[in-house]
Amino acid sequence: MKMKSFYIAALLAGGATLVSCTDYEVKDPNFMPPDVVLNEDPKYNEIIEGLPEPGKMQAYTPSLLGKPYRPITVKYSTEFKPVSRWTESNTRVVAYMADYEPQVTTEAGYKAITNKYGSLTTGTRFEATGRFHVTKDADGRWWIVDPEGYPHYERGVTSVRYGSSVRNRTAWLERFGSDENWLAVSQAELASIGFHGTGAFCTDTYAKIQAHNAAHPDAPMTLAPSFGFLGKFKSARKYDYPGGKSENLLGLVLNEEAWTTFCTEYVAEALAPYKGDANVLGFFSDNEINFSTQNSNILDQFLKIADKEDIARRAADAFMEEKGAAKVTAALNTEFAGRLAEIYYKGVKEAVEAFDPGMMYLGTRLHGTPKYMKNVVEACGKYCDIVSVNYYSRWSPELDTYVKDWAAWAGKPFLVTEFYTKGVEDSDLNNGSGAGFSVPRQADRAYAYQHFTLGLLEAKNCVGWHWFKYQDDDGTDNGGKPANKGVYDNYYKMYPYLAKFMQEVNYNVYNLVDFFDN
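Since the model is a prediction, treat every value here as computed from it, not as a measurement.

Visitor: Would you take a moment to explain the layout of surface pockets for this structure?
Guide: Rolled over the atoms, a probe with the dimensions of a water molecule shows which regions are left empty. Space inside the second largest pocket adds up to approximately 340 Å³. Along the lines of polarity and charge, the residues of the lining of the second largest pocket split into 6 nonpolar, 9 polar and 5 charged.

Given below as structure tokens:
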């Protein structure tokens, strides 16, 4: 059932905006304000039952496009449960986007236009190399190209693994009974809502996914294995932390010759199971490297090392002398971090090119401050095929600022490799941890998913996203502070409302791209 509300469309230069009829004092029943006409388009007038009532039509922001929509209001918070303070924010969902109607509404319709990877088969086809790669089309839109040459927009989930609690294991045994059945069912269910890829943190599952893919070549789960190159380098070479502090781990790449040799050796070891595998999207060499934090600049960290012969301290001193600087500035810190990033990414990239040149390098899942550091992003773009970003602390993608900057700085596309929200009122978890925003209910998680991914689809330099994560935290995760992060709960049941809203966007990514690009 749908109920209509009465709006008036004011036709202004640059597009239509909507105002309520109550904005005018109507004395003459035939009166209409200048240049204003009644708009009977249902997309402007309907209120959809089951959804929060929307506000007035307005241009979406932050955006370079300003497509009109009617916002709903969703509350979110950075606090853990119990939440004492909420922020209310305009939120965009498909149902209240002006001038847009989803073209794909059924699984049959979705399968008719996509292949086993969820790539689009009805439009442009690029060069097929047998491996995933990236390209930019004539309109400036970046794409992942799948092994068959079709444009691919990545949609996946991280951490495909099972939990360790009694209830989790009991539910797993009752529902699946074997790894083979677990992955076959999970692949089918995730694909049914438009997820085809797996992301980071599937360490104990990668080989099982490959076995599934071999047994079900027409229903693969793509892989993006993740590693810890820096930690392995430290242990393999028996190095101490620079200055004795783990936050200075990155300084070890200043042993540049050793780093280069290590990368050659470790790539051959770590990537051996994935060499030539067409179902591997690419790999992450590390997670959230500390190029800098909000409260501690890496250049400052190194300058505070007491041992002046420490390799990191010597590099920091030499840099300050080169710059003729007496104190650290944000610009100097960013440049110094970029030099370290250059050494790091170069070592990994050269090793990959020598071992398996068809393998995409997905970077290190930049987070927090590092994803906003120009020199770091530049170095990442220089050597990585895709810049991976764990995108937290923002309700909306920063389309008119940093997302635009990433395109200029990196010269490569970006992939969001972590984002999520957690419901605090209707989850049996204590939600005492996690970087994702708290929202009141599962419905709000659904709205947040559409809002954030619609923003990403506006960006021509975004090639997809990985939701964090497959399943809710288990009972002992995060020091006994598990959070509601999953597409599935701990009984291996999808959250139905969240899944429905994920499906609507995931099924329509390609026509949404056309909508935003045209």
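Continuing now.
Visitor: In this structure, what is going on with empty space enclosed by the protein? I would like to understand it.
Guide: A full pass over the atoms with the stated rule returns 2 cavities of 30 Å³ or more. Empty space within the largest cavity amounts to approximately 150 Å³. Around the largest cavity, the lining is made up of 16 residues, and of these Arg394, Tyr420, Thr421, Phe437 and Phe452 lie nearest the centre. In terms of residues, the lining of the largest cavity owes the most to one element, helix H13 (residues 442-458), which gives 4 residues. Here the residues of the lining of the largest cavity sort into 11 nonpolar, 4 polar and 1 charged. Empty space within the second largest cavity amounts to approximately 60 Å³. As for the second largest cavity, its lining consists of Val157, Gln187, Leu190, Ala191, Phe195, His196, Gly197, Thr198, Pro220 and Met221.

Visitor: Mind showing me how you'd approach the pairing of strand S15 (residues 387-390) here?
Guide: Moving residue by residue along a regular strand, the side chains alternate between the two faces of the sheet. Burial along S15 is two-sided: Val387 and Val389 facing one way and Ser388 and Asn390 facing the other are all buried. Where S15 meets strand S16 (residues 414-418), 4 bridges bridge the pair, whose relative direction is parallel. Residue pairing across strands places Val389 opposite Val416, the latter belonging to S16. For the handedness criterion, the β-α-β arrangement of S15, helix H12 (residues 402-410) and S16 is classed as right-handed.

Visitor: Would you mind going over helix H15 (residues 496-507) with me for this structure?
Guide: In an α-helix, one turn spans 3.6 residues; hence positions three or four apart end up facing the same way. For H15, with 12 residues, the first-to-last C-alpha span of 16 Å sits near the 16 Å given by 1.5 Å per residue. Burial in H15 covers these residues: Leu498, Ala499, Phe501, Met502, Val505, Asn506 and Tyr507. Looking at the buried residues of H15, the elements they touch are helix H2 (107-113), strand S13 (154-157), helix H4 (179-192), H13, strand S19 (462-467) and helix H16 (509-517).

Visitor: Sorry if this is basic, but what is going on with the sheet that holds strand S12 (residues 151-152) here?
Guide: What links the strands of a sheet is backbone hydrogen bonding, and the strands pair in either a parallel or an antiparallel sense. The strand order across the open sheet formed by 3 strands is S10-S11-S12, and the pairing between neighbours is antiparallel. Looking at strand neighbours, the two that pair on one side only are strand S10 (133-136) and S12, the edges of this open sheet.

Visitor: Explain the side chain of Ser438 here, please?
Guide: Locating Ser438 in the fold gives a position in strand S18 (residues 437-439). Those residues within four positions of Ser438 in sequence are excluded, and the remaining contacts are Lys75, Tyr76, Ser77, Glu79, Phe80, Val83, Trp86, Lys422 and Val424.

Visitor: Is there a simple way to think about the nonpolar core in this case?
Guide: Grouped together as the largest cluster of nonpolar side chains are 129 residues, with contacts concentrated most on Phe229, Trp259, Tyr344, Tyr345 and Trp465. Take this core: its biggest share by element is 12 residues, from helix H10 (residues 330-355). Setting aside residues up to four positions removed in sequence, Tyr345 forms contacts with Phe291, Tyr361, Gly363, Thr364, Leu366, Val376, Ala379, Cys380, Tyr383 and Cys384. Listed in part, the 14 residues of the second largest apolar core include Val134, Ile144, Ala200 and Leu362.

Visitor: Hey, could you run me through the sheet that holds S19 in this one?
Guide: Ordered in space as S14-S13-S19-S16-S15, the 5 strands form an open sheet in which the pairing is parallel. The sheet is open, and its two edges are formed by strand S14 (197-198) and S15, each paired on a single side. Bridge count for S13 against S19 is 4 bridges, and the pairing is parallel. Residue pairing in the sheet places Gly156 in a bridge with His466 of S19.

Visitor: What exactly am I supposed to notice about the pairing of S13 here?
Guide: Side-chain alternation along S13 places Glu154 and Gly156 on one buried face and Arg155 and Val157 on a second face that is also buried. In this structure, S13 lies alongside S14, joined through 2 bridges in parallel fashion. Across the sheet, Gly156 pairs through a bridge with Gly197, a residue of S14.

Visitor: Sorry if this is basic, but what is going on with the pattern of salt bridges here?
Guide: A pair can form between side chains of opposite charge whenever their charged atoms are brought close. Tallying each qualifying case throughout the model produces 21 salt bridges. In this structure, Arg141 engages Asp517 in a salt bridge whose closest nitrogen and oxygen atoms are separated by 2.8 Å. Placement of the pair is Arg141 in the loop between S10 and strand S11 (142-145) and Asp517 in helix H16, with a sequence separation of 376 residues. For Arg141, a relative accessible area of 1% corresponds to the buried category. Notably, a salt bridge pairs Asp473 with Lys469, separated by 2.7 Å at the nearest N-O pair. An identical accessibility class is assigned to Asp473 and Lys469; each is buried.

Visitor: Honestly, helix H3 (residues 166-175) in this entry has me stumped. Any pointers?
Guide: Looking at H3, one finds that the buried residues are Asn168, Ala171 and Trp172. Along the long axis of H3, the arc covered by the buried residues comes to 100°, so they all point the same way. More than 90 degrees from the buried face of H3, the exposed residues found are Val166 and Glu174. In this structure, the buried side of H3 is in contact with H4.

Rules used in this analysis
- Residues numbered from 1 in each chain as written.
- Predicted model: local features only at pLDDT ≥ 70, side-chain atom pairs only at ≥ 80, totals over all residues.
- Heavy atoms only, no water.
- 1 Å grid on protein atoms, 1.4 Å probe; cavity = no way out; pocket = protein on both sides within 12 Å on 5 of 7 lines; lining within 4 Å.
- Points joined across faces, edges and corners; volume = space filled by probe spheres on them.
- Nonpolar A, V, L, I, M, F, W, Y, C, P; charged D, E, K, R; others polar.
- Helix = DSSP H or I, 4+ residues; strand = E, 2+ residues; numbered from the N terminus.
- Buried < 20%, exposed > 50% of the residue type's maximum accessible area, 1.4 Å probe, protein only.
- Pairing = 2+ DSSP bridges.
- Right-handed = clockwise from strand over helix to strand, strands pointing away.
- Expected span 1.5 Å × (residues − 1).
- Contact = heavy atoms within 4.5 Å.
- Core = buried A, V, L, I, M, F, W, Y, C linked by side-chain atoms within 4.5 Å.
- Salt bridge = Lys/Arg side-chain N within 4 Å of Asp/Glu carboxyl O.
- Arc of directions from axis to C-beta.

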